[in-house]
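# Descriptive structure summary
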Amino acid sequence: MIKVSGLRKAYGSVVAVDGVDLHVREGEIFGVLGRSGAGKSTLLRCVNLLERPTEGSVTVGGQELTALGERELRRARQGIGMIHQHFALLSSRTVAGNVAFPLEIMGVPRDERARRVEELLDLVGLAGKAGAYPAQLSGGQKQRVGIARALAGRPSVLLSDEATSALDPGTTQSILALLKRLNRDFGLTILLITHEMDVIKSVCDSAAIMSEGRIEEAGRIADLLARPGSRLTEELFPLPPAEPGSVTITFTGTYSGRADEPVVSQVVRKFDVDVNILGGALEDVAGVSAGRLRVRLTGEESDAALRYLRDRGLLVEVASR
Ligand SMILES: Nc1ncnc2c1ncn2[C@@H]1O[C@H](COP(=O)(O)OP(=O)(O)OP(=O)(O)O)[C@@H](O)[C@H]1O
Ligand SMILES: [Mg+2]
């Protein structure tokens, strides 16, 4: 649905995006995680060409945006909604007026506009707030207006720039649940950027880690977790530096059982080994239970025990001595 190739954006000598390739599949929620200044907003603004890339191409829904003129681009942008950290609402307009705004620009007739606004406010859970002004709304309600407005043109893609980072944790979860519902019910493809791992954990199917204008790793979350040395795994399940000879077991989406299944006690029962647990973390990620466990294995059958764990689909890494 979104294909970014060799994207570079420089502001004078500052290179904000430095050779990014990104592939977002239709119907997925793709999260880009990175610290402040990593180039996330610049990347997002290049996807709908609010910023002209210095180099590279952007294709959305099969249409190469970087090859379009301004007029065609304006039409193409109607298929791409965007929401913002600070909502970017018009304070002098009511909730209904804000949602109607893009429809006015598109030249949608008044009656149809009113119907569509009502439908959109219903969709985001703001049916009773049509006449309210932004100043009378909570942060979560303001973002719901932002989402309704972004959906006005029936986009197939939604871009989200830190849409929840001005919200408290509970409100964040309710907005994420709304995005997930829109994704599921309408097949809406969502590209979101965030500096919060929790956002990636709770709604994303795929993720990329961005640093200093570059993508460090990207892919489906289950695949990333299964990849040795994954940065995402390091961030999700931090462990102290591995002592020589210690064993790190990563439970991933490819594991046939549940991460909280007592594999360790199985190993102790089946093999002549002792297991010392050195640390670990476990979480629900993208709907699957995943985690890491650091142990020290001692005993005659240590190698056989490691083989057993690998055969069960676990990623098993032994720190070199
Ligand atoms: N319009 C601009 N002119 C000059 N430099 C810019 C411009 N926009 C961004 N930059 C620079 O590009 C780099 C990346 O900025 P960007 O806003 O994309 O980062 P970000 O990852 O979104 O950060 P944050 O998490 O703080 O929003 C920064 O060094 C920033 O100063
Ligand atoms: Mg930003």
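Keep in mind it's a predicted model, so treat the numbers as computed, not measured. (Residues numbered from 1 in each chain as written. Chains lettered and ligands numbered in written order. Predicted model: local features only at pLDDT ≥ 70, side-chain atom pairs only at ≥ 80, totals over all residues. Heavy atoms only, no water.)

### Topic: the overall build of the protein chain
- Within the protein chain, the secondary structure is distributed over eleven helices and 14 strands.
- Dimensions of the protein chain, computed from C-alpha atoms along their principal axes, come out at roughly 80 × 45 × 30 Å.
- Partitioning the intrachain contacts of the protein chain with sequence separation of at least 6 by distance along the chain shows that 69% fall at a separation of at least 24.
- Taken as a whole, the protein chain presents about 15,200 Å² of accessible surface, with 47% of it coming from carbon and sulfur.
- Both charge centroids of the protein chain, one from 40 positive and one from 40 negative side chains, sit 6 Å from each other. (Helix = DSSP H or I, 4+ residues; strand = E, 2+ residues; numbered from the N terminus. Contact = heavy atoms within 4.5 Å. Areas by Shrake-Rupley, 256 points an atom, 1.4 Å probe, with all protein chains shown as cover. Lys, Arg positive; Asp, Glu negative; His and termini not counted. Charge placed at Lys NZ, Arg CZ, Asp CG, Glu CD.)

### Remarks on the sheet that holds strand E13 (residues 288-298)
- Pairing is antiparallel in the open sheet, where four strands are placed in the order E12-E13-E11-E14. Every interior strand has two partners, whereas the edge strands, strand E12 (274-285) and strand E14 (315-318), have only one. When the angles between neighbouring strand axes are averaged without regard to direction, this sheet yields 15°.
- Strand direction decides the pairing type here: strand E11 (residues 247-251) and E14, joined by four bridges, are antiparallel. Residue pairing across strands places Ile 249 opposite Val 316, the latter belonging to E14.
- Set on the sheet, helix H11 (residues 302-311) makes contact with E11, E13 and E14; between it and E14 the angle comes to about 145°. (Pairing = 2+ DSSP bridges. Axes fitted to C-alpha atoms, helices over the stretch in contact; angles between N-to-C directions.)

### Things to note about the site of ligand 1
- In the neighbourhood of ligand 1, the contacting residues comprise Tyr 11, Val 14, Ala 16, Arg 35, Ser 36, Gly 37, Ala 38, Gly 39, Lys 40, Ser 41, Thr 42 and Glu 162.
- With respect to ligand 1, the backbone of Gly 39 contributes an N or O atom lying 3.0 Å from an oxygen atom.
- Here an oxygen atom of ligand 1 and a side-chain polar atom of Thr 42 are 2.5 Å apart.
- Within the complex, the protein chains bury 57% of what would otherwise be the 640 Å² of accessible surface of ligand 1.
- Looking at the shell around ligand 1, the elements with two or more residues in it are strand E2 (14-24) and helix H1 (40-47).
- The element contributing the most residues to the shell around ligand 1 is H1, with three residues.
- When the residues that make up the shell around ligand 1 are grouped by side-chain class, the tally is four nonpolar, five polar and three charged. (Near = heavy atom within 4 Å. Polar contact = N/O pair within 3.5 Å; in protein donor to acceptor, adjacent residues only side chain to side chain. Nonpolar A, V, L, I, M, F, W, Y, C, P; charged D, E, K, R; others polar.)

### Details of the nonpolar core
- With 49 residues, the main nonpolar core has Ile 147, Leu 179, Ile 221 and Leu 232 as its most contacted residues.
- With five residues, the single largest contributor to this core is helix H6 (residues 169-186).
- Looking at which domains feed residues into this core, each of domain 1 (2-224) and domain 2 (237-318) supplies at least three.
- In this structure, Ile 221 is in contact with Ile 200, Cys 204, Asp 205, Ser 206, Ala 207, Leu 232, Val 285 and Ala 286, ignoring residues within four places of it in sequence.
- Within the second largest apolar cluster, 29 residues are counted, among which are Val 17, Val 32, Val 58 and Met 82. (Core = buried A, V, L, I, M, F, W, Y, C linked by side-chain atoms within 4.5 Å. Buried < 20%, exposed > 50% of the residue type's maximum accessible area, 1.4 Å probe, protein only. Domains from an automatic or database assignment.)

### What to know about the environment of Ala 135
- Within the secondary structure, Ala 135 is located in the loop between helix H4 (110-123) and helix H5 (139-150).
- For the pair Ala 135 and Gly 27, spaced 108 residues apart in sequence, the C-alpha separation works out to 34 Å.

### Re the side chain of Thr 248
- Relative to the helices and strands, Thr 248 is located in strand E11.
- Of the residues examined, Thr 248 reaches a relative accessible area of 6% and is grouped as buried.
- If sequence neighbours within four positions are ignored, Thr 248 has contacts with Leu 239, Arg 292, Leu 293, Arg 294, Leu 315, Val 316 and Glu 317.

### Quick look at the domain arrangement of the protein chain
- Partitioning the protein chain into structural domains gives domain 1 (2-224) and domain 2 (237-318).
- Measuring from the centre of the C-alpha atoms in domain 1 to the corresponding centre in domain 2 gives 38 Å.
- Taken together, the contacts link four residues of domain 1 with six residues of domain 2.
- Roughly 430 Å² of surface becomes buried between domain 1 and domain 2 when both sides are summed, with 61% attributable to carbon and sulfur atoms.
- By the criterion of area lost to domain 2, the three top residues of domain 1 are Lys 201, Ile 221 and Ala 222, representing 86% of everything that side buries.
- Our count for the domain 1 to domain 2 interface comes out at zero salt bridges.
- Put simply, domain 1 and domain 2 have zero residue pairs in polar contact (both at pLDDT 80 or more) between them. (Buried area = accessible area lost by both parts, 1.4 Å probe. Salt bridge = Lys/Arg side-chain N within 4 Å of Asp/Glu carboxyl O.)

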